[in-house]
Amino acid sequence: MNGLLNFAGKYKFLSYFSCLLSGLSAVTAIFPFWYIWNILSCVIFSENKELIPGYAWQSVMYAVISILIYIAGLLCSHTAAFRIADNIRRKISSLPHELIDSIESYIAHIMPDSYYALFSSFGLACLLFRSDWRLALVSIAPMILGFVIMAMTARGGNMTKSIAEHHKALSMMSKETNEYVKVIITSGSSTQSTFSFRRFTNAVRNYEAWSVSYAKERRVPMICYTVAVNSAILFLIAVGVGISRSGVSQEFMKNFMLAVITAPLISVRITRTLRLREYHIKAYASLRQINAVLNRKEGY
Amino acid sequence: MKWLKNKFNLSDRGAFDLAVAGLACALQNLTLMLPVGLIYSFVMYMILLCRSGHNILNHSAVFYLSTGFVCAFLILFASWFQYGSTFFSAYRESSVRRLTLAESLRKFPSSYKHMNNADITASIMNDCAVLEKNLSQIIAPLIGSVISSVLTAISLIFIDWRMSLSVSWVLPVSFALAGLAFRVQHRLSYLFIASSYLVLRLGIISAALTGAFLCVNDSLSANIFILFIIAASVMYNPLENSLQNLAALSQFKALKLKEE
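Residues numbered from 1 in each chain as written. Chains lettered and ligands numbered in written order. Predicted model: local features only at pLDDT ≥ 70, side-chain atom pairs only at ≥ 80, totals over all residues. Heavy atoms only, no water.

Among the nonpolar cores identified, the biggest contains 112 residues, and Leu-236, Met-253 and Phe-256 of chain A together with Ile-39, Val-43, Phe-225 and Ile-226 of chain B are the most heavily contacted of them. A domain-level breakdown of this core finds at least three residues from each of domain 1 (1-147) and domain 2 (159-260) of chain B. If sequence neighbours within four positions are ignored, Ile-39 of chain B has contacts with Ile-233, Leu-236, Ile-237, Phe-256 and Val-260 of chain A together with Ile-230 of chain B. Grouped together as the second largest cluster of nonpolar side chains are 25 residues, Ala-81, Tyr-279, Ala-283 and Leu-287 of chain A included. (Core = buried A, V, L, I, M, F, W, Y, C linked by side-chain atoms within 4.5 Å. Buried < 20%, exposed > 50% of the residue type's maximum accessible area, 1.4 Å probe, protein only. Domains from an automatic or database assignment. Contact = heavy atoms within 4.5 Å.)

Spelled out as structure tokens, the structure:
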């Protein structure tokens with residue numbers, strides 16, 4: 001990624017700075033949960049009620065600080081991204097808009113977002129581990145279960161076969177589309193035979209059939225994954241039932257409340273981090289293309 | 001339906017399918033709120049146990065565990081329906097779009113003959129692939145999350161309007177910012193979309209602030225306060241996810257504008 005950031009020139013530090021600010025914003029965003037947890041503890045056990053307004057204002061203060069830091073990070077990342085995009089356009093004018101836009105979007109938006117999601121989920125998990133390690137483990141267990149489901153179903157020969165079939169169907173459709181358009185452009189639509197249109201239609205229908213059958217194949221694992229990552233609260237209920245068989249202490253009750261308000265967020269943030277991996281891969285692919293063009297230019 | 005058809009350039013069947021997919025996503029989001037009700041009831045029960053010093057009763061344990069399983073089953077069912085109505089219809093519509101485009105190409109005037117057929121083909125294939133992905137992964141979940149967020153906010157009004165207001169004020173602000181993102185310059189749109197989901201993070205904070213002051217003044221019970229805090233920790237998640245994905249869509253729209 002360093003190669004991509006080099007296009008920013010003297011604004012390169014802004015990219016690093018935006019990641020740093022995003023991480024800082026994520027850490028600051030954990031404090032409001034700490035204060036909300038304190039408010040809940042005071043409210044549930046009717047103790048230290050005079051402290052509640054102070055906790056409430058402090059939670060607001062940290063939330064606002066976190067948002068301001070994040071916006072500052074976004075401004076830095078956007079400045080660097082626009083500089084990178086402009087410099088790439090200046091150096092290689094023939095690159096497609098889409099490629100440059102995906103890089104711009106990655107640096108401006110995805111990079112700070114992924115650092116935020118990573119630091120946020122890690123920070124919330126640390127907060128939970130600090131309060132009660134059993135509840136912390138239960139809160140991250142749905143995510144682990146989700147990964148196991150995906151890892152078990154997404155590996156092996158079937159997946160490789162599916163990817164190969166996808167490429168085959170896609171290349172067949174591209175070929176037929178190319179052929180179809182070529183006939184129209186070179187000799188006009190009147191000379192087009194019904195066979196070329198039929199071949200094109202069949203290629204499109206085959207691709208649709210393949211896509212639907214692949215989606216059907218992935219339906220059960222995807223649904224199990226969705227249920228797993230969204231069941232943090234259900235896992236907490238199961239553990240709560242188990243632990244409360246030997247009585248519920250005040251300490252455990254407070255920690256349980258913290259787990260209830262943070263566990264769903266941990267799942268969401270970790271899932272977000274994983275989804276953003278797709279953009280990382282795309283950005284690397286774009287960088288490879290840019291490097292290839294630059295190397296070719298230098299060769300000439 | 002007509003609006004969807006014109007907005008996303010869909011066929012009649014495609015517009016209907018997208019509406020169904022949006023509703024399916026809303027249903028899935030609403031089922032994801034079911035555990036919130038269950039955990040609220042469980043927390044209340046645990047507070048009682050904590051105060052009385054008793055252990056959990058066997059029939060209560062069975063009730064919470066079995067209701068948890070029912071919730072998981074309902075989420076599974078809603079996810080099954082959502083997956084089917086979102087992905088399968090998007091692929092079908094994509095196929096229809098490819099064939100319609102091919103049909104339109106045949107009617108192009110001869111002045112287009114100078115165009116590079118490889119460029120046209122690549123553009124068609126790429127645009128169709130992007131639209132296919134956007135319909136299934138961004139637009140339908142966004143429609144669903146808007147519907148489910150609004151329904152959740154409305155249902156919370158019946159519990160306590162003051163707390164409901166503190167939780168739901170972020171929704172119209174967020175929608176407005178997301179809407180503005182499509183009306184401003186391409187480079188600014190990122191900032192508007194980012195602001196739209198950052199505002200959502202203030203929802204739980206404003207609920208805590210309002211609830212804290214109402215509790216201190218004894219005009220709100222602890223139970224209701226706990227319910228709203230638990231609800232606020234979950235209710236924005238689908239919308240926040242959808243708005244984050246919308247960033248990709250705004251990038252695509254800007255790209256299309258450039259090409260036009």
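Here we come to the pattern of salt bridges. Summed over the entire model, instances satisfying the criterion amount to nine salt bridges over all chains. Two residues, Glu-47 of chain A and Lys-254 of chain A, come together in a salt bridge whose shortest N-O distance is 3.2 Å. Pair noted here: Glu-47 of chain A is in the loop between helix 3 (30-44) and helix 4 (52-91) and Lys-254 of chain A is in helix 10 (residues 250-299), with a separation of 207 residues, a long-range link. With relative accessibility at 25%, the residue Glu-47 of chain A sits in the partly exposed group. Residue Asp-17 of chain B pairs with Arg-92 of chain B through a salt bridge whose shortest N-O separation is 3.1 Å. (Salt bridge = Lys/Arg side-chain N within 4 Å of Asp/Glu carboxyl O. Helix = DSSP H or I, 4+ residues; strand = E, 2+ residues; numbered from the N terminus.)

Moving on, we come to the confidence of the model for chain A. Mean pLDDT over chain A stands at 82; residues scoring 70 or higher make up 90%. Taken element by element, chain A is modelled with least confidence in helix 1 (residues 2-5) of chain A, mean pLDDT 71, and with most confidence in helix 3 of chain A, mean pLDDT 91. (pLDDT = per-residue confidence, 0-100.)

Now for the environment of Ser-174 of chain B. Residues and elements named next belong to chain B. Its place among the elements puts Ser-174 in helix 7 (residues 170-181). Considered as a pair, Ser-174 and Glu-240 are 66 residues apart in the sequence and their alpha carbons are 9.6 Å apart. Residue contacts for Ser-174: discarding those within four places in its chain leaves Ser-196, Val-199, Leu-200 and Leu-243.

Residue and element names in this part refer to chain A. Mapped onto the elements of the fold, Ser-267 is located in helix 10. Residue classification places Ser-267 among the buried residues on the basis of a relative accessible area of 3%. Among the polar contacts listed, one links the side chain of Ser-267 to the backbone oxygen of Val-229, at a separation of 3.3 Å. Beyond its immediate sequence surroundings of up to four residues, Ser-267 is in contact with Met-143, Val-229 and Ala-232. (Polar contact = N/O pair within 3.5 Å; in protein donor to acceptor, adjacent residues only side chain to side chain.)

With that settled, consider the interface of chain A and chain B. Taken together, the contacts link 96 residues of chain A with 86 residues of chain B. Summed over both partners, the interface of chain A with chain B comes to about 8200 Å²; 70% of that surface belongs to carbon and sulfur atoms. Our count for the contact surface shared by chain A and chain B stands at two salt bridges. The residue Lys-49 of chain A makes a salt bridge to Asp-218 of chain B at a minimum N-O spacing of 3.5 Å. (Buried area = accessible area lost by both parts, 1.4 Å probe.)

Looking at chain B, pLDDT values average 83 and 88% of them are 70 or higher. Per-residue pLDDT stays below 50 along residues 254-260 of chain B; that stretch engages in eight contacts with residues further than four places along the chain or on separate chains.

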